[in-house]
Amino acid sequence: MSRPDTPMTTGREERAAGRGGLEARLLVRRGDFALDLELTAAPGEVVALLGPNGAGKSTALRALAGLVPLADGYIRVDGRDLHRLPPERRGIGMVFQDYLLFPHLSALENVAFGLRCQGVRKRETRRIAAEWLERVGLAEYASARPRALSGGQAQRVALARALAVRPRLLLLDEPLSALDAHTRLEIRSGLRRRLAGFDGAAVLVTHDPLDAMVLADRLVVLEGGRPVQRGRPADVARQPRTEYVARLVGLNLYRGQADGRTVRVEGEGGARMELDTVDHVLGEVFLAFEPTAVALYRSRPEGSPRNVWRARVAAVERHGDRVRVRLQGPPLSAAADVTPAAVAELELTPGARVWAALKATETRVYPA
Amino acid sequence: MVERVRTRIAALVLAAVTALALAGCGDVEDGDASAGAERGGRTLTVFAAASLTETFTSLGEAFEAAHPGVTVRFGFGGSSTLAQQIVQGAPADVFAAASTATMKTVADRGAASGQPRIFARNRLVIAVAKDAAGKVTSLRDLAGRDLKVVLCAEQAPCGDAAGKALRAGGVRVEPVSREKDVKAVLTKVRMGEADAGLVYRTDVRAASGQVTGVEFPESAEAGNDYPIAVLAEAPQPELAREFVRLVLSGQGRTVLAQAGFEAP
Amino acid sequence: MRAPAGGASPERGFGRRPPWMLVLPALVGLGFLVLPPAGLLLRAPWSTLGTRLADPRVLEALRLSLLTATAATGVCLVLGVPLAWVLARVPFPGARLVRALVTVPLVLPPVVGGVALLLVLGRRGLVGQWLDAAFGVTLPFTTAGVVLAQTFVAMPFLVISVEGALRAADLRYEEAAATLGATRWTVFRRVTLPLVAPGVLAGAVLCWARALGEFGATITFAGSFPGRTETMPLAVYLALETDPEAAVVLSLVLLAVSVLVLTALRDRWLDVA
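All figures in this text were calculated on a predicted structure; none of them were measured in a lab.

(A) Here's a closer look at the overall build of chain B. The helix and strand inventory of chain B stands at nine helices and 10 strands. The 264 residues of chain B split such that 47% are buried. Put simply, of all contacts in chain B between residues at least 6 apart along the chain, 77% involve residues at least 24 apart.

See the structure below:
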């Protein structure tokens, strides 16, 4: 079945000029807040913007869509300059946080909306929209109003609506945050499949590291309006470069000075501590380890390795069958995962003082 | 959404009611009851046709001057509106109407004390707008095709009088509007919306130069008699009788004549 | 008329009685609103009602009233909805002043509104004399003049209602439409308007009701002539001069028709939305 050419122009000559996909530099100022972000996404690539609330992720997305003006910079998609165009002429598909399906239109009419705006004839738009609904598995919901759809269904309709205009850039703003944890897993994998089938560039905004890991080919971590780390999801997760990312992926992270197999770490309250590692590095480094790598004792462990310190228990939280113990320095604050049995045996309550030990083999050191 | 809209409707309805209430006021001058009671004096309440506003106000001042401690309070308005208020029990002492028919509705309900007396006569004249001055010199001219004429509604006393005059003159007029009262007719002519209208001579005189008054002989057939009566339920029957006497006196006639009224 | 019989009893089952501080004024308020129309019903000359209703002047006035009120509502929609949109969506210097000006007809006594219309659109008015000279069009004493007077007093209801709905509407839907390629006009037509439809309808209903009851501005600006400018409220007023019973009958007709239309509209639209 042939698809009609949409009037959206992706001029060949212009495309030849650029590398294809998205190339952008976004400078947005809003009061005290300033966003300064360089961003690229190759055709077929999904780039996730990850960051805490107020980091400027959504602002970046809205700037790409033309809903927020650029103070400076450029936006090119397949070599075509978009930053001077109003939103309706950018030919971008966007999936909004609460999907924003038009409540007065049926699912089919929602999907057909963009095509109608491009001047495609009504019967034709309905046919194409029906195809898209079928593709997202919602053919039988064509006449349903958005109110009658579940969160997951609404998300799929919103995705179909954005893709129906055959955009060369797809923007997704927290596409899973409106869903409950139960349906999220299933919807996430569905979204992953559909994004894999999309041949344009895609930018995804999320504050959930798991969404980012599963959906994105590349991560850009944004903090305070600036990118602080870029890379493949696995690399970012393994070697976080900021406290925020480390906490997201559940790692203990420190900055320090490496001297061969010893890292002098900056601890709590100006305290310094030397940790033994197995990697051989020199200079400014990050040192990271998993909470499970920390062992806790009531008294100083026998024949102790060098990586031992005494800390105060700040909090004890249960996570499934593990218990996370938050240790407060000086010298070193860290998260440690232990079994419930250990909590009882060690009488781990907030305020208690314990010994913490870390095997050198469990540490990861990489240049800062 | 619907809830919000409903709340909004409620607010708007409230605004509408307020606006209507504001709009409704001001027809009848209705001073508050305590106004005249100061210094322990007596208060005389007179309901009079709107066309008597100027004359009766000056007669009221004369009355107060002659009766120290007495305050005269006026309710001016459309004769029939006033008549209805009186029938419904409004506490008034004297009623002066612009037509005998209206006075009859009051007398028939037994609300008047004694026989009403005619104290003045008002004659119809043609009020001509400034722009149309000279185009109208007789009643017959009102039948002109390109002339915009306004008359009182048939239900109003002035409309009744106009009908009589036109019939007496054998003139057929196609008015553009039949206004609710004679003041409204005058306003339309004064503002130039209408070229001419039939109003009372007193109205033209009160409009002092803004419209031209054209007298016509047929108006003899359509004079309006103004009756006055003391009301049966008058709180101040003695003062009421004295006020009626003043209106009928030579002094009263003079004041009325100055305003354009004729003696009965 | 659907007047509640006896004291309105609070909802059982909730176990909590509504506070008398609210119920008492509510009942007084309800009585205040319901009793005057009920008085009309009680005093209606039922025996002669049939013959009075058959009077062609009554039907003529009713026809004119329905026609002009509907036309005025139409004009209000065509001009008022865009005005509300501008007030709600386009920031401009002096917006607050303009918003206040829009509500002036609400507080202006309608008779004053009529005079103001005469001064501007009358035969000697600022715009009116030009209309007369250029096109030979004069508005006073015409049915169009009635529509104009009604539009003047009724439009604020529509503008306020629609502006409120526009302000309450979620702007992000319009953004979503824009990213899908909709021009501003398409966004307004296909997204904004449907979203604020309940507000538009509520405004139109108020507008129509206000236009139907309009008296002061109409008689001042358009005068009164049967079949041309004499609407029901004018007929009621004039009837009051000589025949109060006829006035009651006319009022009842106006009341019945408006209640009928408004309930029909509300059942059809507002409850569905």
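(B) How the structure looks around the overall build of chain C. A count of helices and strands for chain C gives 14 helices and zero strands. When its helices and strands are written in sequence order, chain C yields α-α-α-α-α-α-α-α-α-α-α-α-α-α. With respect to the three principal axes, the spread of C-alpha positions in chain C is 70 × 65 × 30 Å. Within the span of chain C, comprising 273 residues, buried residues form 42% of the whole. If you take every contact in chain C between residues at least 6 apart in sequence, the share linking residues at least 24 apart comes to 75%.

(C) Examining the confidence of the model for chain B more closely. Mean pLDDT for chain B: 83, with 85% of residues reaching 70 or above. Mean pLDDT values over the elements of chain B span from 44, in helix α1 (residues 2–24) of chain B, up to 96, in strand β3 (residues 94–96) of chain B.

(D) Examining the UniProt feature "binding site: molybdate" (unreviewed entry) in chain B more closely. Residue and element names in this part refer to chain B. With numbering matched to this structure, UniProt assigns "binding site: molybdate" (unreviewed entry) to S51, S79, V182 and Y200. Examined against the element boundaries, V182 turns out to sit in helix α6 (residues 182–190). Apart from residues lying up to four places away in sequence, V182 is in contact with S51, C152, C158, V199, Y200 and D203. With respect to the helices and strands, the residue Y200 is situated in strand β8 (residues 196–200). Beyond its immediate sequence surroundings of up to four residues, Y200 is in contact with S51, N122, R123, L124, C158, V182 and N224.

(E) Spotlight on helix α8 (residues 237–248) of chain B. Residues and elements named next belong to chain B. Along its 12 residues, α8 runs 17 Å from first to last C-alpha, staying within 8% of the 16 Å computed at 1.5 Å per residue. Of the positions making up α8, those classed as buried are L239, A240, F243, V244 and V247. Buried residues of α8, seen end-on, are gathered within an arc of 140° and therefore sit on one face of the element. Pointing more than 90 degrees away from the buried face of α8 are the exposed residues E238 and R245.

(F) Layout of the sheet that holds strand β4 (residues 72–77) of chain A. Residues and elements named next belong to chain A. Strands sit in the order β2-β1-β4-β5 across an open sheet of four strands; the sheet is antiparallel. For this open sheet the edge positions go to β2 (33–41) and β5 (80–81), each flanked by a neighbour on one side alone. The pairing of strand β1 (residues 22–30) with β2 spans nine bridges and is antiparallel. Opposite A24, over in β2, you have L39 as the bridge partner. Contacting β1, β2 and β4, helix α2 (residues 57–65) crosses the sheet at an angle of about 115° to β1.

(G) Up close: the domain arrangement of chain B. Residues and elements named next belong to chain B. Split by domain assignment, chain B resolves into domain 1 (40–121 + 225–258) and domain 2 (124–222). Put simply, the middle of domain 1 and the middle of domain 2, counted by C-alpha atoms, are 28 Å apart. Between domain 1 and domain 2, the residue contacts involve eight residues of the former and eight residues of the latter. Here the side of domain 1 that touches domain 2 is built from residues that sort into two nonpolar, five polar and one charged.

(H) Structural context of the interface of chain A and chain C. Across the contact, 16 residues belong to chain A and 14 residues belong to chain C. Among the elements of the structure, β6 (92–95) and α3 (107–117) of chain A are those that each provide at least two residues to the side of chain A that touches chain C. Top contributing element to the side of chain A that touches chain C by residue count: α3(A), with three residues. Considering only residue class, the side of chain A that touches chain C consists of 11 nonpolar, three polar and two charged.

(I) Highlighting the arrangement of the chains. Once contacts are tallied for each of the two pairs of chains in contact, the highest total is for chains B and C. One thing to see here is that chain A and chain B don't touch, and their nearest C-alpha atoms sit 12 Å from each other.

(J) View of the environment of B:D131. All names here are of chain B. With respect to the element layout, D131 can be found in the loop between β5 (124–129) and β6 (149–152). Taking the C-beta count within 10 Å as the criterion, D131 has 11 such neighbours and is therefore assigned exposed. On a C-alpha basis, the gap between D131 and F74 in space is 36 Å, while along the polypeptide they are 57 residues apart.

(K) Molecular detail of the environment of A:A336. Residues and elements named next belong to chain A. Along the chain, the position of A336 falls in strand β16 (residues 334–338). Note on A336: 25 C-beta atoms within 10 Å, which makes it buried. Sequence separation between A336 and L149 is 187 residues; the distance between their C-alpha atoms is 43 Å. Contacts of A336, omitting those with residues within four sequence positions, involve P291, V294, L296, V325, L327 and A356.

(L) Main features of helix α3 (residues 79–87) of chain B. Residue and element names in this part refer to chain B. Within the sequence span of α3, burial applies to S79, S80, L82, A83 and I86. For α3, the angular spread of buried residues about the axis comes to 160°, placing them on one side. G89 occupies a position one or two residues after α3 and carries a positive phi of about 100°.

(M) Local environment of the pairing of β5(B). Among the six residues in β5(B), six count as buried, and that is most of the element. Side chains B:L124, B:I126 and B:V128 of β5(B) all project onto a buried face; the interleaved residues B:V125, B:A127 and B:A129 project onto the opposite face, where all are buried too.

(N) Region of interest: the environment of A:A334. Residue and element names in this part refer to chain A. Relative to the elements of secondary structure, A334 occurs in strand β16. Sequence separation between A334 and A234 is 100 residues, and the spatial gap between their C-alpha atoms is 22 Å. Non-local contacts of A334, meaning those with residues more than four positions away in its chain, are made with N252, V294, L327 and A356.

(O) Fine view of the sheet that holds strand β15 (residues 322–328) of chain A. Residues and elements named next belong to chain A. Here five strands make up an open sheet; going across it, the order is β13-β17-β14-β15-β16 and the pairing antiparallel. Across the chains shown, the open sheet's two edge strands, defined by having one partner strand only, are β13 (294–297) and β16. Ignoring which end each strand starts from, the neighbouring axes of this sheet average 45° apart. Here β15 pairs with β16 via five bridges, running antiparallel. If you follow L327 over to β16, its bridge partner there is A334.

Analysis parameters
Residues numbered from 1 in each chain as written. Chains lettered and ligands numbered in written order. Predicted model: local features only at pLDDT ≥ 70, side-chain atom pairs only at ≥ 80, totals over all residues. Helix = DSSP H or I, 4+ residues; strand = E, 2+ residues; numbered from the N terminus. Buried ≥ 20, exposed ≤ 12 C-beta atoms within 10 Å, placed from the backbone. Contact = placed C-beta atoms within 7 Å. pLDDT = per-residue confidence, 0-100. UniProt positions renumbered as here; feature names shortened; annotations may be inferred. Expected span 1.5 Å × (residues − 1). Arc of directions from axis to C-beta. Pairing = 2+ DSSP bridges. Axes fitted to C-alpha atoms, helices over the stretch in contact; angles between N-to-C directions. Domains from an automatic or database assignment. Nonpolar A, V, L, I, M, F, W, Y, C, P; charged D, E, K, R; others polar.

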